[in-house]
Structure formats: structure tokens, C-alpha cells
Amino acid sequence: MAVRRHVVCALSGGVDSAVAALLLKRAGYYVTGVLMKNWDHLEERGACAAEQDCEDAYRVCRTLDVPFHQVSYVKEYWNEVFSNLLKEYQSGRTPNPDVLCNKHIKFKHFFQYAVGTLGADAMATGHYARTSQEDEEAFRRRDVPLPRPLFRDRFEIRNPVRLYQGADRLKDQTFFLSQISQDALRRTLFPLAGLTKDFVKKMAAEAGFQHLLNKKESMGICFIGERNFEDFILEYLEPQPGNFVSVEDGKIMGTHKGWFTFTLGQRARIGGQRDAWFVVDKDVSSRDVFVAPGTNHPALYRDTLRTDRFHWIAEEPPAELVHRKMMDCQFRFQHQMPLIPCTVTLNQDGSVWVTMHRPIRALTLGQVSSDTDSLCQTLHFVE
């Protein structure tokens, strides 16, 4: 008699995770649906529909006749994601909370809860992504990870799991998964890997999930809700007034409430200016935000970056980069940004240079970038 595998499916209250759970149930797995609470909405005047998400997720589990659980990571999210977010903003960088949440919460704490507390054989999410392994390989038990040296033994034979784009390139979410661990990736299923969003909606309608079809898709940072970003961030960081300074002639163009309320490439709304000015740089020490006229000003473009912090999903640099010290790949630093050819150079000290084949606009410190051919690496921008 075949063993029935137990899969814990992360639910969000949306259509994608609902259809992921549906597909798991149809595949014959014993499914448990779990909704995570990552933000304490009782402290907020805004606006994420957490209670509605919970009700919607529960209705999905009731329809599928599978157990439903809730788990809170409010404390962990605050300590490992949001506090880091504030520090990054104060340092003049622009972090990505969705990448950090997947790394520290969903594919760390939630993964440990799924396989440890609930005893699942694997976990699943509704991301549009796929891996290099077959689903059955995710059930091979690896409960005790071996200590890992900086570089593997040259005689050791390993087959790291790689992260690939799913069938729906428009909904591709591998960018947000680019910093998760190899251990979590090995035991994660992506049921939507081969589906398009349109087909997922069709499946949801046929399964009786009509209550999800007209639900507004989550966009942006959930805990901010409908509020203005500047208003939100100033609830947590003290205003640090400074000047808008023209990058062309050093003229003071106006004042702002804090450099951390802006990101590179953003329009700077400067009172009394008829023309549009855009942020090209920030100086934390002087509190100056440097601006340039026009959305395509040359000062907004860069073709080179260096990083000394990087994450290899496969746990080590690609062989080509180790041997040749250079490698061609595809680059992006924002979700759904068109892929740009680039050359990666590995330096003696372990840092990495990335040279784009053409300049790109508003290359932003604090973001992550990924090689989305094999998605074996993530680069974290530093100065």
C-alpha cells in the first residue's frame, strides 16, 4: 500500500494558493492549509484585509475538506524583516520586504513549522515558479543537514535543486524567492509551475471559489495598505529634514522630510517647480537628496555595480564563474523588470562585479538582483 504524503500548503486567502491546495488534494496528498499572520493589524489605522483573508482561506479548506490552521509570526516578522527594513531605509537603501519575508518567514519559520510541528513531508505555496526536481524528490527525508564548508569537497557529488521560472512568464515570482535556502527549496512544491494565471482562475471558478475571483490582487507592501508611503514610514522614523539639490549645478531646489522617504528614480515633488525632477542619489550624512530634471537624465543611468554579499541558491558559485572568474547571465533588480544581459566577475576577495551590456535606469542600493537563467544566485547591492 502506497504511503500517503502529507503536504502543508501556505494559504493567503487568494486564488493562487487556493488552487495550489486544490491541485495537491487532487494529486492524492494529505493536505493541511495554513494561514500566516505576519503583521499586527490591531496597531494600524490602515488597511490590509487580514480578517477577510482568514475567512477566505478557511472557506477554501472547508470546500476541499482539509484541516485549516493559523500561525502567527508577528514577532519574527518585526525582528527579522521590518526592523531590518527600517535600518536599510535609514542607511539610504531601498530593501524589498517580499524577498526578506520569503527568506526569513515563509521559507524558514513556516517551513520549520510545516515539517517539524505538523510533521509534513513537504510544504507548498501558490508561487508561479518551478524547480529542477520532480515533485516526488521533495519527499526524500533530509532531517539532519550536514555542516557545510565554504566550498564543497571537489570529490563530492551533489545535485543542488535549482529555481526556474514557471510557465506564466508574466506572473513569474522567482525574483521574490531568490534568497531562500537550499534545504527549504528541496522540500517545497510549486503546484502552479506549469499553469497560467488565466487557467488558474478558470480552475478556481470550476472548483467553487467564486468568492476569490473578484478579490483585488495583493499589490505592493501589504502592511502599508492604502496609505502614502511617506506618511507610513514617518510613523516609525523621526523626520530628518534636508535639501533637494540639483545634480547639475548644486542649487538647492527645495526641502524634504527625510532621505528615507525616497528611492532612486522616483519623482521628487518639489514645491514651486514646473518641471519634473527625479531622485538620482542620496547623501545620508548631509541629508541631501540629489535630483535631476527629466525622467531620462543621464545621471539616472548606471551600467556597473559591485556587491560583497551574495546568496547562491545552489549553495556555491557556478563552476564557470569559479574556473573562469567571469560568467555571462541575465540581470534584473525588480520584479517583472525585463532581463538584461550582463557579465559577472568574481574578485579575489569574494566580491562580485556585475557589468550590464547597456546602462539601466535607477539601479538602487538595497535591492536584490538575480540570474534568472538558472536562478542560481542573488546579489545584494552594496556601496
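Further up the page is the structure itself.
Our subject in this report is the structure included herewith. Small disclaimer: the values here were computed from a predicted structure and weren't measured.

## Some words on the overall build of the protein
1) Next: Check the secondary structure of the protein and you find nine helices and 19 strands.
2) Next: Split into buried and exposed, the 383 residues of the protein put 50% on the buried side.
3) Next: In the protein, of all internal contacts separated by at least 6 residues, the share reaching a separation of at least 24 is 68%.
4) Next: Total accessible area on the protein is roughly 19,400 Å²; 49% of this is exposed by carbon and sulfur atoms.

## Let's talk about the pattern of salt bridges
1) Next: Summed over all chains, the structure comprises nine salt bridges.
2) Next: Close ionic contact of K257 with E230 constitutes a salt bridge, the shortest N to O distance being 3.9 Å. A residue pair is termed long-range when its members are at least 10 positions apart, and K257 in the loop between β9 (252-256) and β10 (267-268) and E230 in helix α8 (residues 229-233) qualify at 27 residues.
3) Next: A relative accessible area of 47% places K257 in the partly exposed class.

## Some remarks on the environment of G119
1) Next: By the element assignment, G119 lies in the loop between α4 (97-117) and β4 (122-124).
2) Next: Once the C-alpha coordinates of G119 and V7 are considered, the two residues, 112 residues apart in sequence, prove to be 9.1 Å apart.
3) Next: Filtering out sequence-adjacent residues up to four positions away, G119 remains in contact with H6 and A114.

## Things to note about the sheet that holds strand β17 (residues 352-361)
1) Next: Sheet architecture is open: four strands sit in the order β13-β17-β16-β15, paired in antiparallel fashion. Each edge of the open sheet is held by one strand with a lone partner, namely β13 (301-307) and β15 (326-331). Pairs of neighbouring strands in the sheet enclose a mean axial angle of 25°, with direction left out of account.

## Topic: the nonpolar core
1) Next: Core analysis: the largest hydrophobic core is formed by 49 residues, its most contacted members being F110, F244 and V291.
2) Next: Broken down by secondary-structure element, the contributors of at least two residues to this core are β1 (6-11), β2 (30-37), α3 (74-90), α4, α5 (182-186), α8, β11 (277-283) and β12 (288-293).
3) Next: At nine residues, the largest contribution of residues to this core is made by α4.
4) Next: If near-sequence neighbours (up to four positions away) are discounted, F244 is found in contact with K251, I252, M253, G254, T255, H256, F262, A268, I270, V289 and V291.
5) Next: Among the nonpolar cores identified, the runner-up in size contains 33 residues, and V7, A138, L189 and L212 belong to it.

## As for the state of the cysteines
1) Next: In the structure shown here, the tally under the stated rule is zero disulfides.
2) Next: Of all cysteine sulfurs, the one in C61 lies closest to C9, which takes part in no disulfide; the gap is 8.2 Å.
3) Next: Free of any disulfide, C329 has its nearest cysteine sulfur in C342, 3.5 Å distant.
4) Next: Residue classification places C329 among the buried residues on the basis of a relative accessible area of 9%.

## Focus: the pairing of β1
1) Next: Counted residue by residue, β1 has six buried out of six residues, so it is predominantly covered.
2) Next: Side-chain alternation along β1 places H6, V8 and A10 on one buried face and V7, C9 and L11 on a second face that is also buried.
3) Next: Pairing of β1 with β2 involves six bridges; the strand directions are parallel. In the sheet register, V7 faces β2, and the bridge partner there is V31.
4) Next: Crossover connection from β1 via helix α1 (residues 15-26) to parallel β2: handedness right-handed.
5) Next: Looking at chain direction, β1 and β4 are connected through three bridges and run parallel. Across the sheet, the residue bridging to C9 is A124, located in β4.

## Focus: the packing of aromatic side chains
In this description, an aromatic ring pair is defined by two values, namely the gap between the centres and the angle between the planes.
1) Next: Applying the stated rule across the entire model yields 16 aromatic pairs.
2) Next: Between W39 and Y77 the ring centres are 6.2 Å apart and the planes differ by 85°, which places this aromatic pair in the edge-to-face class. Linking W39 in the loop between β2 and α2 (50-64) with Y77 in helix α3, this pair joins segments that are 38 residues apart in sequence. As far as burial versus exposure is concerned, W39 and Y77 are alike and both buried.
3) Next: Both rings, one in Y58 and one in F68, keep their centres 5.8 Å apart while their planes meet at 70°; by these two values the pair is edge-to-face. Residue Y58 is located in helix α2, and its partner F68 is located in strand β3 (residues 68-72); the two are separated by 10 residues in the primary sequence.

## Concerning α4
1) Next: With 21 residues, α4 extends only 26 Å from end C-alpha to end C-alpha; this falls clearly short of the ideal 30 Å at 1.5 Å per step.
2) Next: Most pronounced at F110, the bend in α4 amounts to some 30°.
3) Next: For α4, the buried fraction is high: 15 of the 21 residues fall into the buried class.
4) Next: Its side-chain oxygen placed 3.0 Å from the backbone nitrogen of D98, N96 serves as the N-cap of α4.
5) Next: In the segment just after α4, G119 is the residue with positive phi, at about 70°.

## Overview of the packing of α3 against α4
Packed helices, taken two at a time, are described by the angle between their axes plus the distance between the axes.
1) Next: As a packed pair, α3 and α4 sit with axes 10 Å apart at the nearest point and diverge in direction by 160°. By the angle between their directions, the pair α3 and α4 is classed as roughly antiparallel. The hand of the α3/α4 crossing is right-handed. Counting all contacts with α3, which are made through E76, Y77, E80, V81, N84 and L85, the residues of α4 involved are P97, L100, C101, H104, I105, K108 and H109.
2) Next: Looking at the contact of α3 with α4 residue by residue, the class counts come to seven nonpolar, three polar and three charged.

The rules behind these values
- Residues numbered from 1 in each chain as written.
- Predicted model: local features only at pLDDT ≥ 70, side-chain atom pairs only at ≥ 80, totals over all residues.
- Heavy atoms only, no water.
- Helix = DSSP H or I, 4+ residues; strand = E, 2+ residues; numbered from the N terminus.
- Buried < 20%, exposed > 50% of the residue type's maximum accessible area, 1.4 Å probe, protein only.
- Contact = heavy atoms within 4.5 Å.
- Areas by Shrake-Rupley, 256 points an atom, 1.4 Å probe, with all protein chains shown as cover.
- Salt bridge = Lys/Arg side-chain N within 4 Å of Asp/Glu carboxyl O.
- Pairing = 2+ DSSP bridges.
- Axes fitted to C-alpha atoms, helices over the stretch in contact; angles between N-to-C directions.
- Core = buried A, V, L, I, M, F, W, Y, C linked by side-chain atoms within 4.5 Å.
- Disulfide = S-S within 2.5 Å.
- Right-handed = clockwise from strand over helix to strand, strands pointing away.
- Phe/Tyr/Trp six-rings, centres within 6.5 Å; stacked < 30°, edge-to-face > 60°.
- Expected span 1.5 Å × (residues − 1).
- Bend = angle between axes of the 7 residues up to and from the residue.
- Polar contact = N/O pair within 3.5 Å; in protein donor to acceptor, adjacent residues only side chain to side chain.
- Parallel < 35°, antiparallel > 145°, perpendicular 65-115°, else oblique.
- Left-handed = near helix turned anticlockwise from the far one by under 90°.
- Nonpolar A, V, L, I, M, F, W, Y, C, P; charged D, E, K, R; others polar.

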